Amino acid sequence: MIKEKRIKEIHDYVIKQKSASLDELVSVFAVSKNTIRRDVQTLVERGDLKKVYGGVSVIHKKLESYQDRKARNKKQKASIVEKAASYVDDGDVIFLDSGTTTIEMIEYIKGKSLTIFTNSIELIIRALPFSNLTVIFIGGLLDRRTDSFVNPLNMDLLSNYNIKKAFMASTGISLSNGVTNASPLESELKKAIVKRSSEVYLLVDHDKFNKYGVMTYCNLDEIDYLVTDKTPNTSYREYAKKNSIRLVISK
């Protein structure tokens, strides 16, 4: 327990400082260099930090272009999307995030009568032919990297509606940093959606585990369903069980 507490404190210290040398950590935490090396190695293996010359630093997953992200892991994304779409019922009020995985859900739910909140430009265009889909667009500032609108001018719009199911995307997730996003502009909207939704579904492929972006928009324990393509490691399974998160494996 003492070791885990120290490792968490080391993690939090490095996150705050952005980087730290081993000698600095020895001085701050008043333990031997061998102990610091072991603790740092634990954090590196978890994917929370990365080694640099003489010390350790934070990992930032940069936001790639929308088209580059869309082209990656198509097969895995398709299986995740199909599984997530099976949880959408006729008459639901849902939110579809602007991620390249979540917007593909439109292909599996377009035949149902739904009310869809979204900030995704592409999703709106793809929903246009289907009169059974009532689309409520969350406007704001255009972010060309995500083909979406962020920083809504009227956040009160969300407070007037009860969203039953939110299908969220993420740059990366980790036990220490929760559910993260590489676009700071989107984070306030994502936070609001999570709070306003009865059920939160997080759609991430296996490559997103133990990685994180610059902003955390919710803790992992705020997620109700974690939909992914491979069974995660023991630490995630135990965390999910402890926090009543339903793991849904698409394969």
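Quick note: structure is the one above.
Since we're looking at a predicted model, the values are computed, not measured.

**Student:** Which residues make up the packing of aromatic side chains, and what values do they have?
**Tutor:** In the structure shown here, the tally under the stated rule is seven aromatic pairs. Measuring from ring centre to ring centre gives 5.5 Å for tyrosine 87 and tyrosine 201, while their planes differ by 50°; the resulting arrangement is tilted. Taken together, the residues tyrosine 87 in the loop between helix H5 (74–85) and strand S4 (93–96) and tyrosine 201 in strand S12 (residues 197–203) connect sequence positions 114 residues apart. Residue class for tyrosine 87 comes out buried when judged on its relative accessible area of 17%. Summarising the aromatic geometry, the rings of tyrosine 87 and tyrosine 225 are spaced 5.2 Å apart at their centres and angled 55° between planes, so their arrangement reads as tilted. In this pair, tyrosine 87 is assigned in the loop between H5 and S4 and tyrosine 225 in strand S14 (residues 225–228), connecting sequence segments 138 residues apart. Summarising the burial analysis for this pair, tyrosine 87 and tyrosine 225 share the class buried. Among the aromatic residues, those joined into a ring-pair cluster are Tyr87, Phe167, Tyr201 and Tyr225. One Lys or Arg, lysine 190, reaches over the ring of tyrosine 217 and ends 5.2 Å from the middle of that ring.

**Student:** Residues and numbers for the pairing of strand S5 (residues 114–118), please.
**Tutor:** Remember that side chains alternate between the two faces of the sheet whenever the strand is regular. A large share of S5 lies buried, amounting to four of its five residues. Examined bridge by bridge, S4 and S5 share four bridges and lie parallel to one another. Across the sheet, isoleucine 94 pairs through a bridge with isoleucine 116, a residue of S5. Where S5 and strand S6 (residues 133–137) come together, five bridges link them in parallel fashion. Looking across to S6, one finds that isoleucine 116 is bridged to valine 135. Considered for its hand, the β-α-β crossover made up of S5, helix H7 (residues 121–127) and S6 is right-handed.

**Student:** Account for the packing of helix H2 (residues 22–29) against helix H3 (residues 33–45), naming residues and giving values.
**Tutor:** Contact pair H2 / H3: the axes reach a minimum separation of 9 Å and the direction vectors enclose 110°. With respect to their mutual orientation, H2 and H3 come out roughly perpendicular. Listed contacts from H3 to Leu22, Asp23, Leu25 and Val26 of H2 are Lys33, Ile36, Arg37 and Val40. For the contact of H2 with H3, the per-class residue count stands at five nonpolar, no polar and three charged.

**Student:** Account for the packing of helix H1 (residues 2–17) against H2, naming residues and giving values.
**Tutor:** For any two helices packed against each other, the geometry is given by the interaxial angle and the distance between the axes. Closest axis-to-axis distance for the H1/H2 pair is 12 Å, and the angle between their directions is 125°. Judged by the angle between their axes, H1 and H2 are oblique. Seen along the crossing, H1 lies across H2 with a hand that is right-handed. Judged by residue contacts, Glu9, Ile10, Tyr13 and Val14 of H1 engage Glu24, Leu25, Val28 and Phe29 from H2. Partitioning the contact of H1 with H2 into residue classes produces six nonpolar, no polar and two charged.

Reading the values: rules and limits
Residues numbered from 1 in each chain as written. Predicted model: local features only at pLDDT ≥ 70, side-chain atom pairs only at ≥ 80, totals over all residues. Heavy atoms only, no water. Phe/Tyr/Trp six-rings, centres within 6.5 Å; stacked < 30°, edge-to-face > 60°. Helix = DSSP H or I, 4+ residues; strand = E, 2+ residues; numbered from the N terminus. Buried < 20%, exposed > 50% of the residue type's maximum accessible area, 1.4 Å probe, protein only. Lys NZ or Arg CZ within 6 Å of the ring centre and 35° of its normal. Pairing = 2+ DSSP bridges. Right-handed = clockwise from strand over helix to strand, strands pointing away. Axes fitted to C-alpha atoms, helices over the stretch in contact; angles between N-to-C directions. Parallel < 35°, antiparallel > 145°, perpendicular 65-115°, else oblique. Contact = heavy atoms within 4.5 Å. Nonpolar A, V, L, I, M, F, W, Y, C, P; charged D, E, K, R; others polar. Left-handed = near helix turned anticlockwise from the far one by under 90°.

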